[in-house]
Each structure stands twice: as structure tokens, then as C-alpha cells.
Amino acid sequence: MNVLVTGGAGYIGSHAVQRLAADGHRVVAMDNLYRGHRAAVPAEVAFVEADLLDYDKTVAALREHEIDCVMNFAALAYVGESVDEPLSYYHNNTAGVLTLLRAMDAAGVHKMVHSSTCATYGEPPEDRIPIREDCPQQPINPYGMSKLMVEHILKDYAHANPDFAFAAPRYFNVAGSDPQARIGEDHHPETHLIPVLLNTALGKRGKAYIFGDDYPTPDGTGVRDYVHVVDLVDAHVVLMNALEPGDQRFYNLGIGNGLSVRQIIDAVKKVTGVDFTVEVADRRPGDPPTLYADPRKMKDELGWEAKITDVETMVADAWRWFQANPDGYGDASKSTK
């Protein structure tokens, strides 16, 4: 299959490119390199430097490479930034996918796996956790809303075009990296917990912080869902292969249970062998005590479930990348997804 991976130079997108190429697909990576790294895309993979909002370039790429399916990872993904810069998020995440769909329509491409997010659920009540796909979607920030708007656009477009098929997997935190450390996670600034802790273990940060240790959870710290990037990409590939004309598929992806901040810290200290400093700070506004997904629907319907559920394995794979690439891809002046 000929697959266009948008956001293909980002953290998740680059892992998708690697997996699809290994599976024998003809892969084209597209990225505007605002938050992606050209070095994350293998030299042998076709690369198109373009923005989703560039309709002409996107149509040209779809036609030139005779694309059969689009796997979309192109998005701005910082919650706090979305609150400060909502227009940027609606412009990039929502209008960008709208432009992509118009380009796909013009090029006759009828299959799409769109990377969505569990942020579309907002803060579900305690009795709705673990979160199932039928949980009401009530985003509490522009990031989640920008992604939910895309889901509505996809459904409306599919209703009007019976040949079009899409899947929109939703997930929370992605962890780990390619086990061979060929590619990994390199964000500027870094806000994800595991990379922050690993950078602290490397001595690139003086200390790490726990934002609130008085939540109603077993150890007082926030509990979240984590899924290994290799498993996440595997789920996207399963969805791509399963899509038939007219399909509209929504699935929550995860390991089926939450991990606390302290559990993650303990795992990082054990894997790295570094007893770095961690301090407790005030809670961050809007941080719920517990959020994690119920992934059973995809297992029941398509047989997919995460294979890597051990947090130490997730951390060890990420640590391997960080040790081999302490400066990431070497373009620290950039910010990345």
C-alpha cells in the first residue's frame, strides 16, 4: 500500500514511517519541520516538506505518489500552549485536517487513520473511568476541542461520501522509543513526564517536580494512561488494514490501567540507576486525579491489545535513545511534537 504519513518527522509519526517501511509499504513522510526533525526520517523514505494547510502541495504529493491511505499525526499538542494560543491550534489542528481532506477528495484518496486524543473527553466523572468510547466528549482546552472538531468533520464527510473510510484512535500519554534507539523522543521544550525525568537523570535538569501529592489516589500523585509508541503505531497499522469503504471507527488505546507519577519516577530511577532530586510542587490547575482508557473495544473487534505493559520496559527503551542521543537530533533550536 502507498501510505502518506503526515507529521512523519515527529515523535509518533517517525515511528509509524519506520514500521510501515519495515512492513513493505511504500511510505511518503510529509512534515513542515516546525516541530519535526528531518533526521528522524530515513534517507531512503520519500520526504515532502509541506504544511497541511498547503493545499496545492498536498494534492500534488497525494497524486504523484499514488497514495492509498493517509496516516495523520500532524498536530500541535501542548495543552498549555493551546490555552495561550487557541487560534494557532484551531488553525493547525482543525483547519489543517480540513485542508488535508479537501486535498484527499481532489486526489481520490478515500482512506485515513487520524490520530485523535483522549483529551476530547475532558474531565470525566469518576464513575466513567476507565474511559470507554461512549463517554461524553467535553474538552476543557482548545487542544482537545480542536481534535474533537476534526472528529465531527470526519463523520460528516464520511456520511456524504460512502467510499470514504476512517479510524480515529484516541489515547493519552505515549512512551518509549524504537527498541534499537534508531529514533526517539526529542521535544523543545520538553513537557512529557518520562523524558523530563530521563533528562534529569542525565544531569540536563537540576531536579524534577511532582505537581501535587495529595490527590485521592493510592500514593497521592496523579494517575495516567501510558502506551508504548511501538504498540501505538501497531494499532494504527491494524486500523489501516481493517478499513473498508464506509467505515467510521473510534477506539481508545492504552494498557488498560493507570500509572501514577510516583510509579513512573520509581521506574526511571531503577532503570537509570540515578537517584535524582524530585520535589513536590503545587497542583496544576485542571489536572484531574485519575485518567486512563478502557481499550477493550479494539481488542474485541480487531484483536489488538498492547504487548508492552511493563513501565520499566517503556522507560528502558526511552533511556536507550536518550543515552545514545543526549542532544536529541542535534537541532535544539527547534521545537518538536
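Presented here is an overview of the structure given in this document.

**Some remarks on the overall build of the protein**
Helix and strand counts for the protein stand at 10 helices and 14 strands. Here the C-alpha atoms of the protein give a radius of gyration of 19 Å, agreeing with the 20 Å that 2.2 N^0.38 yields for 337 residues. Taking the principal axes of the C-alpha coordinates as reference, the protein spans close to 55 × 45 × 40 Å. Here the protein holds 337 residues, and the buried ones make up 56% of them. Of the contacts formed within the protein by residues at least 6 apart in sequence, a portion of 78% connects residues at least 24 apart.

**Re the sheet that holds strand β14 (residues 290–291)**
Strand order in the open sheet made by the 3 strands is β12-β9-β14, with mixed pairing throughout. Edge positions in the sheet fall to β12 (259–260) and β14, since each has one partner strand and no second. Two elements, strand β9 (residues 223–224) and β12, share 2 bridges in a ladder whose sense is antiparallel. Among the inter-strand pairings, Val223 is bridged to a residue of β12, identified as Ser260.

**Considering the packing of aromatic side chains**
Evaluated as defined, the whole model comprises 6 aromatic pairs. An aromatic cluster of at least three residues, connected via ring pairs, comprises Tyr157, Phe164, Phe166 and Phe250. When the ring centre of Tyr55 is taken as origin, the NZ or CZ atom of Arg102, which lies over that ring, is 4.5 Å away.

**Observations concerning empty space enclosed by the protein**
As enumerated under the stated definition, the model contains 2 cavities of 30 Å³ or more in all. Of the voids in this model, the largest cavity is the one considered here, and its volume is about 240 Å³. Taken together, 17 residues form the lining of the largest cavity, with Gly7, Asp31, Asn32, Ala74 and Ala75 sitting closest to its centre. By residue class, the composition of the lining of the largest cavity is 7 nonpolar, 6 polar and 4 charged.

**Looking at the sheet that holds strand β3 (residues 46–49)**
Pairing is parallel across the open sheet formed by 7 strands, whose spatial order is β3-β2-β1-β4-β5-β6-β11. Here the strands that pair on one side only, and so sit at the sheet edges, are β3 and β11 (248–252). Averaged over neighbouring strand pairs, the angle between their axes works out to 15 degrees when direction is ignored. Examined bridge by bridge, strand β1 (residues 2–6) and strand β4 (residues 69–72) share 4 bridges and lie parallel to one another. Along β4, the bridge assignment pairs Thr6 with Asn72. Each of β1, β2 (26–31) and β4 touches helix α1 (residues 11–22); the most contacted strand, β1, lies at about 165 degrees to it.

**So, the nonpolar core**
Counting residues in hydrophobic clusters, the biggest one holds 63 residues, and the most contacted among them are Val5, Ile12, Met71 and Ile264. Ignoring any residue separated from it by four or fewer positions in sequence, one finds Ile264 in contact with Leu193, Ile194, Leu197, Tyr226, Leu259 and Val311. If you look at the next biggest cluster of nonpolar residues, it comprises 27 residues, including Ala50, Ala74, Val109 and Val150.

**Considerations on the packing of helix α8 (residues 261–272) against helix α10 (residues 311–324)**
Helix-helix packing is characterised by the crossing angle of the two axes and by the distance between the axes. Across the interface, α8 lies against α10 with an axial gap of 9 Å and an inter-helix angle of 55 degrees. By the angle between their axes, α8 is oblique relative to α10. Taken as a pair, α8 and α10 cross one another with a handedness that is right-handed. The segment α8 lies against α10, with Ile264, Ala267, Val268, Lys270, Val271 and Thr272 engaging Val311, Glu312, Val315, Ala316 and Trp319.

**Examining α10**
The end-to-end C-alpha distance of α10, which contains 14 residues, comes to 20 Å, matching closely the 20 Å that a straight helix rising 1.5 Å per residue would cover. On its buried face, α10 sits against β7 (173–175), α6 (193–201), β10 (226–228), β12 and α8.

Conventions and cut-offs
Residues numbered from 1 in each chain as written. Predicted model: local features only at pLDDT ≥ 70, side-chain atom pairs only at ≥ 80, totals over all residues. Heavy atoms only, no water. Helix = DSSP H or I, 4+ residues; strand = E, 2+ residues; numbered from the N terminus. Rg over C-alpha atoms; globule rule 2.2 N^0.38 Å. Buried < 20%, exposed > 50% of the residue type's maximum accessible area, 1.4 Å probe, protein only. Contact = heavy atoms within 4.5 Å. Pairing = 2+ DSSP bridges. Phe/Tyr/Trp six-rings, centres within 6.5 Å; stacked < 30°, edge-to-face > 60°. Lys NZ or Arg CZ within 6 Å of the ring centre and 35° of its normal. 1 Å grid on protein atoms, 1.4 Å probe; cavity = no way out; pocket = protein on both sides within 12 Å on 5 of 7 lines; lining within 4 Å. Points joined across faces, edges and corners; volume = space filled by probe spheres on them. Nonpolar A, V, L, I, M, F, W, Y, C, P; charged D, E, K, R; others polar. Axes fitted to C-alpha atoms, helices over the stretch in contact; angles between N-to-C directions. Core = buried A, V, L, I, M, F, W, Y, C linked by side-chain atoms within 4.5 Å. Parallel < 35°, antiparallel > 145°, perpendicular 65-115°, else oblique. Left-handed = near helix turned anticlockwise from the far one by under 90°. Expected span 1.5 Å × (residues − 1).

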